[in-house]
Amino acid sequence: MIGQLWINGEWCRHDADPAAPLHRVLRENLGLTGSKDVCGEGFCGACLVQLDGAPIAACLVPVALAEGAQIVTIEGLDQDPVAQSLMAAMEAEDAVQCGMCFPGMVMTLTHLLKTCPTTDREKVKRALAGNICRCTGYERIVSAACRAAKDLVAADAQKVVA
Ligand code: FES
Ligand code: FES
């Protein structure tokens, strides 16, 4: 049976089992390997994608249930100014080591920065409760999110002045 998903602004056809978890279909059928396959049980946040604007664990979603939803993967954020600002801040803060958690972190934090532009360290820490990083100790990731929040507010202020 052929299924169809709306991913990163385009229809993608696949022939996966309708019960297969979305993250595996993204990775194995559609070549979108940005979302990672780690715990497979909704604990680590490595597989997060946006489903209708909210970050969700793709490993918990049977692919048939994602049909009709707007799916955005890490590959689809290359034109997203908030995600780009966050990624630049991650680099500036040296916040990534092995990178396994990075796509999920970006999904969570991009959503936070869009829904709560004046975020702070406590809010970032709470938002990251479902994202496990085994390398960094989190402090640099939190600093990067706060740096991105400041950069985005400053960029908005510049637009108002201009
Ligand atoms: S692989 Fe989905 S939450 Fe860990
Ligand atoms: S950088 Fe390695 S798991 Fe986060």
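Bear in mind the structure is a predicted one, so any value in this text is a computation, not a measurement. (Residues numbered from 1 in each chain as written. Chains lettered and ligands numbered in written order. Predicted model: local features only at pLDDT ≥ 70, side-chain atom pairs only at ≥ 80, totals over all residues. Heavy atoms only, no water.)

(A) Representation of the overall build of the protein chain. What the protein chain contains, in helices and strands, is five helices and five strands. The helix and strand sequence of the protein chain, counted from the amino end, reads β-β-α-β-β-β-α-α-α-α. By the compact-globule yardstick of 15 Å for 162 residues, the protein chain fits well, its C-alpha radius of gyration being 16 Å. Overall size of the protein chain, expressed as C-alpha extent along the three principal axes, is 55 × 40 × 20 Å. Looking at the 162 residues of the protein chain, the share that counts as buried comes to 43%. When contacts within the protein chain are restricted to residue pairs at least 6 apart in sequence, long-range pairs at least 24 apart make up 56% of them. (Helix = DSSP H or I, 4+ residues; strand = E, 2+ residues; numbered from the N terminus. Rg over C-alpha atoms; globule rule 2.2 N^0.38 Å. Buried < 20%, exposed > 50% of the residue type's maximum accessible area, 1.4 Å probe, protein only. Contact = heavy atoms within 4.5 Å.)

(B) How the structure looks around the UniProt feature "domain: [2Fe-2S]-binding" (unreviewed entry) in the protein chain. Sites flagged by UniProt as "domain: [2Fe-2S]-binding" (unreviewed entry) map to residues 73-145. The distance separating the terminal C-alpha atoms of residues 73-145 is 19 Å; by composition the span is 55% helix and 0% strand. (UniProt positions renumbered as here; feature names shortened; annotations may be inferred.)

(C) Spotlight on the packing of aromatic side chains. In the structure shown here, the tally under the stated rule is one aromatic pair. Residues Trp6 and Trp11 carry aromatic rings whose centres are separated by 5.1 Å and whose planes lie at 65° to one another, so their mutual orientation is edge-to-face. Note on Trp6: relative accessible area 27%, which makes it partly exposed. Of the residues examined, Trp11 reaches a relative accessible area of 49% and is grouped as partly exposed. (Phe/Tyr/Trp six-rings, centres within 6.5 Å; stacked < 30°, edge-to-face > 60°.)

(D) Representation of helix H1 (residues 22-29) in the model. Leu22, His23, Val25 and Leu26 are the residues of H1 that are buried. One face of H1 carries all of its buried residues, which in axial projection span an arc of 165°. Taken together, the buried residues of H1 touch strand S1 (3-7), strand S2 (10-14), strand S3 (48-51) and strand S5 (70-72). Of the residues trailing H1, Gly31 is marked for its positive phi of about 70°. (Arc of directions from axis to C-beta.)

(E) Here's a closer look at empty space enclosed by the protein. Evaluation of the coordinates by the stated rule reveals one cavity of 30 Å³ or more. Roughly 40 Å³ of volume is contained in the largest cavity. A class-by-class count of the residues in the lining of the largest cavity yields seven nonpolar, four polar and two charged. (1 Å grid on protein atoms, 1.4 Å probe; cavity = no way out; pocket = protein on both sides within 12 Å on 5 of 7 lines; lining within 4 Å. Points joined across faces, edges and corners; volume = space filled by probe spheres on them. Nonpolar A, V, L, I, M, F, W, Y, C, P; charged D, E, K, R; others polar.)

(F) Highlighting unusual backbone geometry. Its identity is not glycine, yet Asn8 carries a phi of approximately 50°, on the positive side. We classify Asn8 as partly exposed; its relative accessible area is 27%. A positive phi angle, near 50°, is found at Asp52, a position not held by glycine. On the secondary structure map, Asp52 appears in the loop between S3 and strand S4 (54-57). The class for Asp52 is exposed, based on a relative accessible area of 55%.

(G) Local environment of the sheet that holds S3. The strand order S2-S1-S5-S3-S4 describes an open sheet built from five strands, whose pairing is mixed. The open sheet has two free edges, formed respectively by S2 and S4, since each of these has just one partner strand. Strand after strand, the sheet turns through a mean of 45° between neighbouring axes, direction not considered. Sheet strands touched by H1: S1, S2, S3 and S5. Its angle to S3, the strand with the most contacts, is close to 105°. Seen against the sheet, helix H3 (residues 102-115) touches S3, S4 and S5 and runs at an angle of roughly 40° to S3. (Pairing = 2+ DSSP bridges. Axes fitted to C-alpha atoms, helices over the stretch in contact; angles between N-to-C directions.)

(H) Examining the environment of Ala83 more closely. When you line up the elements, Ala83 lands in helix H2 (residues 81-92). With 44 residues separating them in the primary sequence, Ala83 and Ala127 have C-alpha atoms 15 Å apart. The contacts of Ala83, once residues within four sequence positions are left out, are Leu77, Val106 and Thr110.

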